[in-house]
Amino acid sequence: MDPRTGARQASPGMPDFLLGKSPELHIHMNRIPIEHIPSDGNTLKSWLHHRFAIKDRMMQKFYSTESSKQGKLEGDSHLSRLGLHHTLPSLLFFIGINVPLLGTKTGRGIYWKAALYGTLFCIVWMRFRS
């Protein structure tokens, strides 16, 4: 949010983060028990509006020009660093699954059919669910 105009600024996306253009990722989580979420339509609408107002105030502080508020979210901070020993096993698993799948003619056939039919299935499923 632009502190002078209040206009929303473009936020970096996941590709920016993965390519190193945005080296930091700020996440604010607040666990709300299901019992505290209204079930009535009008009350829920008002509750959601209030939650978004809280979020907008947080973003205004985050993008503030005051150095004491700038770049900080409410609550306790936790810096999380994922080391290689945390990410390497999942990378090796991903490579181990995909190399045989994409490295053979049969595997590529299975891959594109799963992508195509899986997408179509999900579209049909969502039509019936809604």
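Every chain's residues receive numbers from 1 upward, in the order its sequence appears when written. In keeping with the predicted nature of the model, local features appear solely for residues at pLDDT of at least 70, side-chain atom pairs appear and are counted solely at 80 or more, and the whole-chain, interface and lining totals rest on all residues. Hydrogens and water are ignored here; the side-chain numbers use all heavy atoms of the structure.

## Describing the overall build of the protein
Numbering of helices and strands runs from the N terminus; a helix is a DSSP stretch of H or I covering at least four residues, while a strand is a stretch of E covering at least two. In terms of regular secondary structure, the protein is built from 4 helices and 0 strands. Taking the principal axes of the C-alpha coordinates as reference, the protein spans close to 55 × 40 × 30 Å. Buried means the residue's accessible area, taken with a 1.4 Å probe over protein chains only, is under 20% of the maximum for its type, while exposed means over 50%, and partly exposed covers the values in between. Evaluated residue by residue, the protein yields a buried proportion of 8% over its 130 residues. When checking whether two residues touch, look at their non-hydrogen atoms; a contact exists if any pair is within 4.5 Å. Sequence-distant contacts in the protein: of pairs separated by 6 or more residues, those separated by 24 or more amount to 32%. Lys and Arg are tallied as positive, Asp and Glu as negative. Neither His nor the chain termini are counted. Taken as the charge centre is NZ of Lys, CZ of Arg, CG of Asp or CD of Glu, depending on the residue. Averaging the locations of the 17 positively and 9 negatively charged side chains of the protein gives two centres separated by 12 Å.

## Looking at the layout of surface pockets
Think of a 1 Å grid over the protein atoms and nothing else: a 1.4 Å probe that fits but is trapped marks a cavity, an open set flanked by protein within 12 Å on at least five of seven lines marks a pocket, and residues with an atom within 4 Å of a point count as lining. Grid points are joined across faces, edges and corners, and a volume is the space filled by probe spheres set on the points. Quantified by volume, the largest pocket comes out at close to 810 Å³. By the convention adopted, Pro, Cys, Tyr, Trp, Phe, Met, Ile, Leu, Val and Ala count as nonpolar, Lys, Arg, Asp and Glu as charged, and the other residues, Gly among them, as polar. Class assignment of the residues belonging to the lining of the largest pocket gives a composition of 8 nonpolar, 7 polar and 5 charged. Estimates place the volume of the second largest pocket at around 590 Å³. Lining the second largest pocket are 23 residues, with H26, I27, M59, F62 and L73 sitting closest to its centre. Among the elements of the structure, α1 (14-18) and α2 (41-62) are those that each provide at least two residues to the lining of the second largest pocket.

## Looking at the pattern of salt bridges
Salt bridge, as applied in this entry: a Lys or Arg side-chain nitrogen positioned within 4 Å of an Asp or Glu carboxyl oxygen. Summed over all chains, the structure comprises 1 salt bridge. Notably, a salt bridge pairs D56 with K55, separated by 2.8 Å at the nearest N-O pair. Exposure remark for D56: the relative accessible area of 28% places this residue in the partly exposed category. Under the relative-accessibility criterion, K55 is labelled partly exposed at 26%.

## Things to note about the packing of helix α3 (residues 84-103) against helix α4 (residues 105-129)
To obtain each axis, a line is fitted to C-alpha atoms, and for helices this fit is confined to the stretch in contact; angles are then taken between N-to-C directions over 0 to 180 degrees. Contact geometry of α3 with α4 gives a least axis separation of 5 Å together with a crossing angle of 105 degrees. By the criterion of interaxial angle, the relationship of α3 to α4 is roughly perpendicular. Packed against α3, whose contacting residues are L101, L102 and G103, the element α4 presents K105, G107, R108, I110 and Y111 at the interface. Partitioning the contact of α3 with α4 into residue classes produces 4 nonpolar, 2 polar and 2 charged. Any angle that falls under 35 degrees is termed roughly parallel, while one over 145 is termed roughly antiparallel, one within 65 to 115 roughly perpendicular, and all others oblique.

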